[in-house]
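Coordinate inspection notes
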Amino acid sequence: MTDQPIDQPTDTSYEQPISIVLVEDNPADAELAIRALRRGRIGNQLQWLQDGAEALDFFFCRGNYAHRNMTNQPKVILLDLKLPKVSGLEVLRQLKSDPRTQTIPVVVLTSSAEDKDVIESYQLGVNSYIVKPVDFEQFNHAVQQLGFYWVLFNRVPVF
């Protein structure tokens, strides 16, 4: 790990396509995920959001993201559950209850292996639930495989 700031997208027009949105409050985990995706050459169109409130603003084009085009949604959302301001479960609840965002694939990528979190996530409509591996290499491999599947292979409906 380095003391360098995490390379976060700086484009403020939000008109470029976003393939992956990472919602993660832990900078170390975010840095590992971003590096893994970029190593797999699938992290070029990535947006990192650091809390649940920012995520909801991004997806629903309000607040600092009010100028963002609502039709420019990601191919996949990697969502942590333990987030400040608004929990990951509440973000998931709002995404899956709104017709404009309910078809976006959401993968929970969290440290929580609690059955209640897994059950509630699936009841809310999560597409996959992954417990973050503790081992660096396993985490790196898991994130790359997630990116490959959801960005390159998964087919989403076009409305």
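Keep in mind the model is a prediction, meaning the values are calculated, not measured.

Conventions used here
Here the residue numbers are simple positions, counted from 1 along each chain's written sequence. A pLDDT threshold of at least 70 governs which residues receive local features in this predicted model, and a stricter bar of 80 or more applies before side-chain atom pairs are shown or counted, although totals over entire chains, interfaces and linings include all residues. To obtain the side-chain values, all non-hydrogen atoms of the structure were included, while hydrogens and water were left out. Runs of E in the DSSP output that reach at least two residues are strands. Runs of H or I that reach at least four are helices, and both are numbered from the N terminus. The classification of residues rests on relative accessible area computed with a 1.4 Å probe and restricted to protein chains. Under 20% of the type maximum is buried, over 50% is exposed, and intermediate values are partly exposed. When checking whether two residues touch, look at their non-hydrogen atoms; a contact exists if any pair is within 4.5 Å. Structural elements are reduced to axes, namely lines fitted to C-alpha atoms, with helices fitted over the stretch in contact, and the angle between N-to-C directions of any two is expressed from 0 to 180 degrees. Angle categories: roughly parallel below 35 degrees, roughly antiparallel above 145, roughly perpendicular from 65 to 115, and oblique for all the rest. Each crossing gets its handedness from the near helix: less than a right angle anticlockwise from the far helix is left-handed, clockwise is right-handed. The nonpolar class holds Ala, Val, Leu, Ile, Met, Phe, Trp, Tyr, Cys and Pro. Asp, Glu, Lys and Arg form the charged class, and all remaining residues, Gly among them, are polar. UniProt positions are given in the numbering used here, feature names are shortened, and annotations may be inferred rather than shown by experiment. Geometry of aromatic contacts follows a simple scheme: Phe, Tyr and Trp rings, the Trp one being its six-membered ring, pair when their centres are within 6.5 Å, and the pair is stacked under 30 degrees between planes, edge-to-face over 60, tilted otherwise. Only Lys NZ and Arg CZ are tested; either one counts as a charge over a ring when it is within 6 Å of the ring centre and within 35 degrees of the ring normal. Polar contacts here mean pairs of N or O atoms no more than 3.5 Å apart (in protein, one a potential hydrogen donor and the other a potential acceptor; neighbouring residues in sequence count only if both atoms are side-chain atoms). Note on pairing: DSSP must find at least two bridges between two strands before they are called paired.

Observations concerning the overall build of the protein
Scanning the protein for helices and strands turns up five helices and five strands. Start at the N end of the protein and walk to the C end: the helices and strands fall as β-α-β-α-β-α-β-α-β-α. Taking all 159 residues of the protein together, 48% fall into the buried category. Residue pairs in contact within the protein that sit at least 24 positions apart in sequence constitute 68% of those at least 6 positions apart.

Side note on the packing of helix H3 (residues 88-97) against helix H4 (residues 115-124)
Closest axis-to-axis distance for the H3/H4 pair is 9 Å, and the angle between their directions is 15 degrees. Relative to H4, H3 is oriented roughly parallel. Remark: the crossing between H3 and H4 carries left-handed chirality. Between H3, through Leu-89, Leu-92, Arg-93 and Lys-96, and H4, the contact on the second element is made entirely by Asp-117, Glu-120, Ser-121 and Leu-124. Taken together, the residues of the contact of H3 with H4 sort by class into three nonpolar, one polar and four charged.

Some remarks on the UniProt feature "modified residue: 4-aspartylphosphate" (unreviewed entry) in the protein
When the UniProt feature table is mapped onto this chain, "modified residue: 4-aspartylphosphate" (unreviewed entry) is found at Asp-80. The topology assignment puts Asp-80 in the loop between strand E3 (76-79) and H3. Setting aside residues no more than four positions away along its own chain, Asp-80 makes contact with Val-23, Glu-24, Asp-25, Gly-88, Leu-109, Thr-110, Ser-111 and Lys-132.

As for the packing of aromatic side chains
Tallied over the entire structure, the rule returns two aromatic pairs. Pairing Phe-58 with Phe-59 gives two aromatic rings, centres 5.5 Å apart and planes at 80 degrees, and the pair type is edge-to-face. Phe-59 shares its class with Phe-58; the two are buried. Judged by centre distance (5.3 Å) and plane angle (80 degrees), the ring pair of Phe-58 and Tyr-65 falls under edge-to-face. The exposure classification of Phe-58 matches that of Tyr-65, with both residues buried. A network of ring pairs unites the aromatic residues Phe-58, Phe-59 and Tyr-65 as a single cluster. Over the ring of Phe-58 we find Arg-68, and its NZ or CZ is 3.9 Å from the ring centre.

Some details on the environment of Asp-51
You can see Asp-51 is positioned in the loop between strand E2 (46-49) and helix H2 (52-59). In this structure the C-alpha to C-alpha distance between Asp-51 and Lys-85, which are 34 residues apart in sequence, comes to 6.4 Å. If we skip the residues at most four places from it in the chain, Asp-51 touches Val-23, Leu-83, Pro-84 and Lys-85. Here the side chain of Asp-51 touches Glu-54 through a polar contact of 2.7 Å, landing on its backbone nitrogen.

A few points about the pairing of E2
Side chains Leu-46 and Trp-48 project from E2 onto one buried face, and the interleaved Gln-47 and Leu-49 project onto a second face that is buried too. Across four bridges, strand E1 (residues 20-23) lies against E2 in parallel orientation. Among the inter-strand pairings, Val-21 is bridged to a residue of E2, identified as Gln-47.

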